[in-house]
Amino acid sequence: SYLDEDISDKLEKLDGVNVKLHEENCKMCKKCLNEICMFQAISLKDGKINIDYDTCKGCGLCVNACKFDAITIEYNDETIQNVVNRMDDLIEIKEL
């Protein structure tokens, strides 16, 4: 299901996350289109799967839905550090 616009507009893409579409692997099963993307970043355009990279937040739900490795996600060291920092912030908040 899609996220409420008020919420999705506030979520930012994590730095260093790169989602990539590999058209050569796509079997057009359309699993990624069936309400997988909370941000509506995946669509069918000219008979092909299309990812709007400006809308994509890099959550990875589409990667898990695709069984043909047509959509992959890559993280760099900066991403891992950002995740650790966010978790530290959450732990500090919980401890208060």
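Above this text is the structure in question.
Each value, and the rule that gives it
Residues numbered from 1 in each chain as written. Predicted model: local features only at pLDDT ≥ 70, side-chain atom pairs only at ≥ 80, totals over all residues. Heavy atoms only, no water. Helix = DSSP H or I, 4+ residues; strand = E, 2+ residues; numbered from the N terminus. Buried < 20%, exposed > 50% of the residue type's maximum accessible area, 1.4 Å probe, protein only. Core = buried A, V, L, I, M, F, W, Y, C linked by side-chain atoms within 4.5 Å. Contact = heavy atoms within 4.5 Å. Pairing = 2+ DSSP bridges.

Participant: Any details on unusual backbone geometry? Residues and values, ideally.
Facilitator: Residue M28 is not a glycine yet carries a positive backbone phi of 60°. Turning to its location among the elements, M28 is positioned in the loop between β1 (17–21) and β2 (42–45). Relative accessible area serves as the criterion here: at 30%, M28 is assigned to the partly exposed category. Although it is not a glycine, Q40 sits at a positive phi angle of roughly 55°. Here Q40 lies in the loop between β1 and β2.

Participant: Explain the nonpolar core to me, using residue names and the numbers behind them.
Facilitator: Ranked by internal contacts, the top residues of the largest apolar core, which has 16 residues, are V19, C32, I42, I51, C62 and I71. Going through the elements one at a time, β1, β3 (48–51), α2 (61–65) and β4 (71–75) are the ones with two or more residues in this core. Considering every element that reaches this core, the biggest residue donor is β1, with three residues. Not counting chain neighbours up to four residues away, the residues in contact with I51 comprise V19, L21, A41, I42, C56 and I71.

Participant: Account for the pairing of β2, with residues named and values stated.
Facilitator: Note: β2 against β3, four bridges, orientation antiparallel. Looking across to β3, one finds that K45 is bridged to K48. Between β2 and β3, which pair antiparallel in sequence order, lie two residues; one of them, D46, sits at a positive phi of approximately 55°.

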